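So you can see what is in the structure, the chains are spelled out below.
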Amino acid sequence: MSIRTKFKKVLPSISTTEQEALDAGDVWLEGSIYQGIPDFDALRQVPGATLSDEEQAFLDGPVQTLIEMVDDFAIQNSLHLPDNILNFLKEHKFFSLIIPKAFGGLEFSPYANSTIVATIAAKSSAVAVTVMVPNSLGPGELLMHYGTQAQQDFWLPRLANGQEIPCFALTSPEAGSDAGGIPDIGTVTMGEYQGEQVLGLSVTWDKRYITLAPIATVLGLAFKVEDPQGLLGGKEQLGITCALIPKSHPGVELGNRHDPMGCRFYNGTTRGENVFIPMDFIIGGQQNIGRGWQMLVACLGAGRGISLPALGVSVSQASFKSSAEYAAVREQFGLAIGKFEGIQEKLADIAGKTYLQEAMRVLTTEGLGLGLKPSVVTAMAKYHMTEIGRDVLNSAMDIQAGKAIQRGPQNTLASGYVAQPIAITVEGANILTRNLMIFGQGVMRCHPHLQSMVEAIHSDDKDADKTFNRIFKQTVGYSVGNSLRAFRLGLLPFTAGAKSELSEVVEYEKAVHKLASKLAVYADFSLLVLGGKLKQAEMLSARLGDVMSYLYAAMASIRYYEQKVSSEHRAQAKPYFEYATRWALVNAENALLSFLDNFPSAATRQLMKLITVTYSPKMKKINDDLIRELAHEAQLNTQIKRQLTHLVKPVPGDGNDINQQAYLAKIACLPLLAKVKKGLKQGYFKSGVRFAQTLDRAREAKIITEGEHKQLQDYNLKRERAIRVDEFDFDMQLISDKAALKIA
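Here the residue index of a chain counts from 1 through its sequence in written order. Only residues with pLDDT of at least 70 are given local features in this predicted model, and only at 80 or more are side-chain atom pairs given and counted; all residues enter the totals for whole chains, interfaces and linings. Only heavy atoms go into the side-chain values, all of them from the structure, while hydrogens and water stay out.

## Remarks on the overall build of the protein chain
(1) Moving on: Each helix and strand counted, the protein chain has 28 helices and nine strands in total.
(2) Moving on: Its C-alpha atoms give the protein chain a radius of gyration of 29 Å, near enough to 27 Å, the size a compact globule of 744 residues would have.
(3) Moving on: Its C-alpha atoms give the protein chain principal-axis dimensions of about 100 × 75 × 45 Å.
(4) Moving on: For each residue, the accessible area found with a 1.4 Å probe, counting protein chains only, is set against the maximum for its type, and the residue is called buried under 20%, exposed over 50%, and partly exposed in between. Counting over 744 residues, the protein chain shows a buried share of 58%.
(5) Moving on: Note on contacts: a residue pair is in contact if any heavy atoms of the two residues lie within 4.5 Å. Partitioning the intrachain contacts of the protein chain with sequence separation of at least 6 by distance along the chain shows that 77% fall at a separation of at least 24.
(6) Moving on: The protein chains shown are the only cover counted for residues, whose accessible areas, like all others here, come from Shrake-Rupley with a 1.4 Å probe. Within the structure as shown, the protein chain displays about 30,400 Å² of accessible surface, and the carbon and sulfur contribution to it stands at 52%.
(7) Moving on: Working convention for charge: Lys and Arg count positive, Asp and Glu count negative, and His plus the chain ends are omitted. Lys charges are placed at NZ, Arg charges at CZ, Asp charges at CG and Glu charges at CD. Across the protein chain, the 77 positively charged side chains and the 78 negatively charged ones have centroids separated by 8 Å. In this description a helix means any DSSP run of H or I spanning at least four residues, a strand means any run of E spanning at least two, and both kinds are numbered starting from the N terminus. Here the globule rule is a power law, 2.2 Å times the number of residues to the power 0.38, and the radius of gyration is based on C-alpha atoms.

Encoded structure:
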């Protein structure tokens, strides 16, 4: 029995949907990470993302106007988005960010798309989701890549100018992430369309969780096609197919709404029973029957790499800005709470992770801007950036405590806190993304020989054994090379390479190389020892996926520090960079150690430890000194802090504005506050019951001048307003009645 035949008995077959997912997308930086040699040269050669003049004008114009129009508290206490908001979105082409200019769209870059969605999300999750969906996976992108010329000419201009509102229906009650289990069926048959008998499909479907469905005018639909009568002359089961169906088409049901956590974006159901559609409704025409899943997977990058990570970044930046400002102005026991180490620990974590989020957002959209569709990178971005957003938001809630839990116009966290789980559930729930997709897809896409070897194993060609033997030898050589490199770096860690011109970056670049070399070895042994069982060993494979993800995050952190932070601001940025990079590397190492601890074969476990010289943690951890340094830096009004909170646009009178006014007033008053404190300490006057009384006594003691007293009183009024929360003078059952709402 040949080696190929033995492998064929061990390896499970790959389903059509799995194969199409594996074949979709491009391999980018993650390939070099998986193979144990992170490509920092390629990282540094990626063109930096910037906004064009047109994109910046859109942010400064329509986006800023939209933010000023939005009353998010009113939206959350209404049934849906106000008509003036929805009309503004249509009029200013918010639904056509990715549609080519040739069809009337804006054709913005992935970086601009991300920045626009994230900026809106920092103000209102409901409005951001409404903008996000038409610019993510849906009819627009599918038409751009796969539509016939006639379909593009008709639909894209109408989608671009807001004449048509699209939605896309994939998820069924019986099949969420398992696209292969879609029960919705289209049967090939003859039927009547526009008074003529034509070949088409009789489609029955039942879909849920469909964003914009209640207001959509055109439905994108995924279903399976079967041809029991052989009208197309081929096999009976033809596979997943995508069609575009007008809402006005007979039999289409769009309307019943869901209530996703009280966030008032439109989300609902669509159904149809034996709805006849002509072949022209299939995206790309009849020739694309059965290509639906391939089309969908290839287009997932926009949702996974742009829109959903943008939501994670926006909530991080909003949390960072409001928490840092609150920590500076809120006082307990005579001290700003930002001086207490318990608060500093949370604030530093928020600041460091917000830096990491922005670094990953920029790098991922830069990759997409190259025209790539890196399916593994976008899956990593979607999972980790939505999860980090949740972690950051939880820490912000801890810092702001009572202020954070009282809903109202002044609360800057409540809307995001309610909405964040939504981002975690869509485009593949995060458990699925982490446990099955990242490493499961990565191992096939990133291994230089595995996919070819699997194809040879299952091949029926007469030369299959010969082809397999050649690839198998290459694979053995590749694995031996990985082992030798990992052993060298484990035994002689100082031999790791680094090309950074910044001394503070070198040690971290070397650390990425050392951890990646271990990942390559562990991945090889997993495939060798577990084979097809690795597919079911979700916790093991998820840990290897975590290593890939955290090393990608560390590379993003390094790139951002080198290329997005100017030399004059590096001292400010260094604690952010150190915290973010150490956090990523420590998590990568912990995932490797946990993988080793839980590997089922004790003998293999010891061999992997020996080859990689791995017996204890080696990465530099986040220590208390770094936490104190970053927490202090996070409370200063610096360029890097403004850079890491640029998505938050305060509007006069809103919560962000109230917080910012108090914070800036305190920064301006720091020398005067020091004078007052010194006067108190030296006994020139006594402290009052309230701070305003203390200021009066300082003025009477001539510690401060009349002008300084006025400035401090102005700060105190702003401080008092910032630490207050919203209160209402009516029954809470009437909270949806905007006219009855009065803010105290």
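## Re the pattern of salt bridges
(1) Moving on: We define a salt bridge as a side-chain nitrogen of Lys or Arg found within 4 Å of a carboxyl oxygen belonging to Asp or Glu. One pass over the full model with this rule turns up 30 salt bridges.
(2) Moving on: Taking the shortest distance from any N to any O, the salt bridge between Lys-574 and Glu-578 comes out at 2.5 Å. Of this pair, Lys-574 and Glu-578 both sit in helix 22 (residues 570-598), four residues apart, which is roughly one turn of the helix.
(3) Moving on: The salt bridge partner of Asp-625 is Arg-628, with a shortest N-O separation of 2.9 Å. Residue Asp-625 and its partner Arg-628 are both found in helix 24 (residues 624-634); the two are separated by three residues, about one turn of the helix.
(4) Moving on: Overlapping salt bridges, with partners in common, bring together Arg-44, Glu-509 and Glu-562 in one network.

## Quick notes on the packing of aromatic side chains
(1) Moving on: Note on aromatic contacts: the rings of Phe and Tyr and the six-membered ring of Trp form a pair at centre separations within 6.5 Å, being stacked when their planes are under 30 degrees apart, edge-to-face when over 60 apart, and tilted otherwise. Throughout the structure, instances matching the rule amount to 15 aromatic pairs.
(2) Moving on: Seen from their ring centres, Tyr-355 and Tyr-560 are 5.4 Å apart, and the 85° between their planes marks the pair as edge-to-face. With Tyr-355 in helix 14 (residues 341-369) and Tyr-560 in helix 21 (residues 538-563), the pair connects residues that are 205 residues apart, well separated along the chain.
(3) Moving on: Overall, the relative accessible area of 0% leaves Tyr-355 in the buried class.
(4) Moving on: Under the relative-accessibility criterion, Tyr-560 is labelled buried at 4%.
(5) Moving on: A centroid spacing of 4.3 Å and a plane angle of 15° characterise the contact between Tyr-561 and Phe-577, whose relative ring orientation is stacked. Residue Tyr-561 is located in helix 21, and its partner Phe-577 is located in helix 22; the two are separated by 16 residues in the primary sequence.
(6) Moving on: You can call Phe-577 buried: its relative accessible area is 0%.

## Considerations on the environment of Phe-487
(1) Moving on: Structurally, the position occupied by Phe-487 is in helix 19 (residues 464-491).
(2) Moving on: A relative accessible area of 37% places Phe-487 in the partly exposed class.
(3) Moving on: For the pair Phe-487 and Ala-556, spaced 69 residues apart in sequence, the C-alpha to C-alpha distance is 26 Å.
(4) Moving on: Excluding anything up to four places from it in sequence, Phe-487 contacts Leu-610, Ile-611 and Val-613.

## Thoughts on the side chain of Glu-325
(1) Moving on: Relative to the elements of secondary structure, Glu-325 occurs in helix 13 (residues 301-329).
(2) Moving on: Judged by relative accessible area, Glu-325 falls into the buried class, the value being 3%.
(3) Moving on: At a separation of 3.5 Å, a polar atom in the side chain of Glu-325 contacts the main-chain amide nitrogen of Gln-660.
(4) Moving on: When residues no more than four places from it in sequence are discounted, the contact partners of Glu-325 are Asn-656, Asn-659, Gln-660 and Tyr-663. N or O atoms closer than or at 3.5 Å make up a polar contact, with two conditions inside protein: a donor-capable atom paired with an acceptor-capable one, and, for residues adjacent in sequence, both atoms drawn from side chains.

## Regarding unusual backbone geometry
(1) Moving on: Positive phi outside glycine occurs at Leu-212, with the angle close to 75°.
(2) Moving on: Here Leu-212 shows up in the loop between strand 3 (196-211) and strand 4 (218-226).
(3) Moving on: Using a relative accessible area of 0% as the deciding quantity, one classes Leu-212 as buried.
(4) Moving on: Positive phi is not limited to glycine here, since Met-261 has a value of about 60°.
(5) Moving on: Its place among the elements puts Met-261 in the loop between strand 6 (253-257) and strand 7 (267-278).

## Details of the side chain of Arg-559
(1) Moving on: One can find Arg-559 in helix 21.
(2) Moving on: At 2.9 Å, the side chain of Arg-559 forms a polar contact with the backbone oxygen of Val-46.
(3) Moving on: At 2.7 Å, the side chain of Arg-559 forms a polar contact with the side chain of Glu-366.

## Section: the state of the cysteines
(1) Moving on: Criterion for a disulfide: a pair of cysteine sulfur atoms at a distance within 2.5 Å. Tallied over the full model, the rule gives zero disulfides.
(2) Moving on: For the unlinked cysteine Cys-167, the closest cysteine sulfur is that of Cys-242, found at 13 Å.
(3) Moving on: With a relative accessible area of 1%, Cys-167 lands in the buried category.

## Brief notes about the packing of helix 20 (residues 503-530) against helix 21
(1) Moving on: Fitted lines through C-alpha atoms give the axes, limited to the stretch in contact for helices. The angle between two N-to-C directions lies from 0 to 180 degrees. Put simply, helix 20 and helix 21 touch, their axes get as near as 10 Å, and they point 160° apart. Taken together, the axis directions place helix 20 and helix 21 in an arrangement best described as roughly antiparallel. As for the relative orientation of helix 20 and helix 21, their crossing is left-handed in sense. Counted together, Glu-504, Val-505, Tyr-508, Glu-509, Val-512, Leu-515, Ala-516, Leu-519, Tyr-522, Ala-523, Ser-526 and Leu-530 of helix 20 and Leu-540, Leu-544, Val-547, Met-548, Leu-551, Ala-554, Met-555, Ile-558, Tyr-561 and Glu-562 of helix 21 form the full contact between these two elements. Geometric relationships in this document are graded by angle, where less than 35 degrees denotes roughly parallel, more than 145 denotes roughly antiparallel, 65 to 115 denotes roughly perpendicular, and other angles denote oblique. Note on convention: the crossing is left-handed when the near helix lies turned anticlockwise from the far helix by less than a right angle, right-handed when the turn is clockwise.

## Things to note about helix 27 (residues 691-700)
(1) Moving on: Turning to helix 27, its buried residues number three or more, namely Thr-694, Leu-695 and Ala-698. Relative to the axis of helix 27, the buried residues are bounded by an arc of 100° and lie together on one face.
(2) Moving on: Taken together, the buried residues of helix 27 touch helix 26 (655-681) and helix 28 (706-723). By arc we mean the arc of the directions from the helix axis to the C-beta atoms, nothing more.

## Focus: helix 28
(1) Moving on: Its 18 residues give helix 28 an end-to-end C-alpha distance of 26 Å, which sits within 8% of 26 Å, the value for a rise of 1.5 Å per residue.
(2) Moving on: Taken residue by residue, helix 28 has Glu-708, His-709, Leu-712, Gln-713, Tyr-715, Asn-716, Arg-719 and Ala-722 as its buried positions. Helix span is expected to be 1.5 Å times the residue number reduced by one.

## Points about the packing of helix 14 against helix 15 (residues 375-405)
(1) Moving on: The geometry of helix 14 relative to helix 15 is characterised by a closest axis approach of 9 Å and an angle of 155° between their N-to-C directions. Of the possible angle classes, the one that applies to helix 14 and helix 15 is roughly antiparallel. The hand of the helix 14/helix 15 crossing is left-handed.
(2) Moving on: Under this grouping Gly is polar, as are all residues other than the nonpolar Ala, Val, Leu, Ile, Met, Phe, Trp, Tyr, Cys and Pro and the charged Asp, Glu, Lys and Arg. The residue inventory of the contact of helix 14 with helix 15, partitioned by class, reads 13 nonpolar, seven polar and six charged.

## Looking at the environment of Phe-494
(1) Moving on: As for its position among the elements, Phe-494 is in the loop between helix 19 and helix 20.
(2) Moving on: Considering only alpha carbons, one finds Phe-494 and Ser-517, 23 residues apart in sequence, at a separation of 14 Å.

## So, a nonpolar patch on the surface
(1) Moving on: Taken together, the side chains of Phe-487, Leu-491, Leu-492 and Phe-494 make up a nonpolar region of the molecular surface, amounting to roughly 400 Å² of accessible area.
(2) Moving on: Of note, Leu-492 is situated in the loop between helix 19 and helix 20. Patch criteria: residues need more than 30% relative accessible area and no salt bridge. Like-charged residues are merged within 9 Å; nonpolar side chains of Val, Leu, Ile, Met, Phe, Trp and Tyr are merged within 5 Å.

## Points about the pairing of strand 4
(1) Moving on: Burial analysis of strand 4 places seven of its nine residues in the buried class, the great majority of the element.
(2) Moving on: The pairing of strand 1 (residues 166-169) with strand 4 spans four bridges and is classified as parallel. Looking at strand 4, one finds that Phe-168 is bridged to Gly-220. A pair of strands is considered paired only if DSSP assigns at least 2 bridges between the two.

## Observations concerning the environment of Thr-130
(1) Moving on: Mapping Thr-130 onto the fold places it in helix 9 (residues 125-132).
(2) Moving on: We classify Thr-130 as buried; its relative accessible area is 0%.
(3) Moving on: Placed 213 residues apart in sequence, Thr-130 and Ile-343 show a C-alpha to C-alpha distance of 35 Å.
(4) Moving on: Each residue touching Thr-130, except ones within four places of it in the same chain, is listed here: Leu-81, Leu-86, Leu-89, Phe-95, Leu-212 and Phe-265.
(5) Moving on: Polar contacts involving the side chain of Thr-130 include one to the main-chain carbonyl oxygen of Ala-126, which spans 2.8 Å.

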